[in-house]
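Inside the fold
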Amino acid sequence: MRAETMAIFRFPKSEDQNVPSENGSIIAPGAFDALLKLQATLDVEELLAHFISLITAELSIDGYSYIGPQGSAIHCQGGHTNRHALAYQLMVEAEQLGELLVYRSRPFSEAESMTLEDMLCLVVYPLRNCLRYQEAIRSSFTDPLTGLGNRSNMLPQIQREISLSNREARLASLLMIDIDHFKNINDTQGHLSGDQVIICIADIIRRTVRDFDLVYRYGGEEFAILLVNTDGVRAHQVAERLRKNVEGHTCRLNNGRSVSPTISVGVSELERHDTPQTLIERADRALYRAKSDGRNLVRQEKF
Ligand SMILES: Nc1nc2c(ncn2[C@@H]2O[C@H](COP(=O)(O)OP(=O)(O)OP(=O)(O)O)[C@@H](O)[C@H]2O)c(=O)[nH]1
């Protein structure tokens, strides 16, 4: 692919253009139907597929790719790449909307790039709506302190994993984790320092488990990890590794001090008739035992 330079497509461009404004007052003839269709979805992939079908009615292209704004983890593509590309960094006012590239074997003419730019005017606000909607969904499932999944995200995802595990006869295990004597950390270092310790433990958890394991802040100073494709024996090993990683780590606080927290962990292995609640309850009971046996321990339901 020959890399043409990436143009910045900032919208609105100027007041006198015959393009849709946010209040819909200036709309080019024929564009209204297309605009309505683009506005009928809040799914980025669907929006782009629809937009590309509008483009291909006007321009011959071989494929496209779209990379969402930083942090969105959105990447869509269709067709195939080729030697020539029109590349746009999309913006509405100061808001970054990601990068769109369209490809083909022949170079694009000036007139064609202007046609594409006219069409981009139709998609930028619907695209912004989709991105904002997806961000709202993402943040409603995310714990703001640690960036981990929150409790309301956890139950449906565990349910989904249980269904998959039952269908494909695969294993899964759950770890319930609680920071030991956390009240004491709060009481001696202050609540903000307590928050930093929670962030510190979340980082150790992230670094200890695999990317596809599902990690949540279950509440307060408690975390849960669903270990995908992992039996109870292996889950116990992971829990022990995590416990040791926390034990061997010192969390530095903004007040210049540091603390060396420990954690207790309860492990349960998925059984055939489990619901998310029964799986959590068994891990919780094991966690309770880890606490009552002295803390800084891993306990498993069956052992
Ligand atoms: N800083 C901070 N503290 C929290 C947060 N959520 C809960 N807590 C505190 O966490 C403490 C939990 O205390 P306990 O349930 O008594 O447990 P613990 O002191 O960890 O004792 P063990 O679990 O028995 O080892 C309470 O003081 C809560 O107020 C939070 O988001 N930030």
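Residues numbered from 1 in each chain as written. Predicted model: local features only at pLDDT ≥ 70, side-chain atom pairs only at ≥ 80, totals over all residues. Heavy atoms only, no water.

Notes on the environment of histidine 84
Looking at the secondary structure, you find histidine 84 in strand 4 (residues 84–92). A relative accessible area of 5% means that histidine 84 is categorised as buried. Reaching out from histidine 84, the side chain makes a polar contact with the backbone oxygen of serine 105 at a distance of 3.5 Å. (Helix = DSSP H or I, 4+ residues; strand = E, 2+ residues; numbered from the N terminus. Buried < 20%, exposed > 50% of the residue type's maximum accessible area, 1.4 Å probe, protein only. Polar contact = N/O pair within 3.5 Å; in protein donor to acceptor, adjacent residues only side chain to side chain.)

Here's the deal with the pairing of strand 2 (residues 63–67)
Taken across its five residues, strand 2 has four buried, putting it largely inside the fold. Note that strand 2 and strand 3 (residues 75–79) share five bridges and pair antiparallel. Within strand 3, the position partnered with isoleucine 67 by the bridge is histidine 75. In this structure, strand 2 lies alongside strand 5 (residues 95–104), joined through five bridges in antiparallel fashion. If you follow glycine 63 over to strand 5, its bridge partner there is tyrosine 103. (Pairing = 2+ DSSP bridges.)

A word on the pattern of salt bridges
Under the counting rule described, the total for this entry stands at 19 salt bridges. Linking arginine 104 and glutamate 112 is a salt bridge whose minimum nitrogen-to-oxygen distance equals 2.5 Å. Across the pair, glutamate 112 and arginine 104 agree in class, each one buried. Of the charged contacts, one joins arginine 243 and glutamate 240 as a salt bridge, the two residues approaching to 2.7 Å between their closest N and O atoms. Of this pair, arginine 243 and glutamate 240 are both found in helix 7 (residues 232–247), three residues apart, which corresponds to roughly one turn of the helix. (Salt bridge = Lys/Arg side-chain N within 4 Å of Asp/Glu carboxyl O.)

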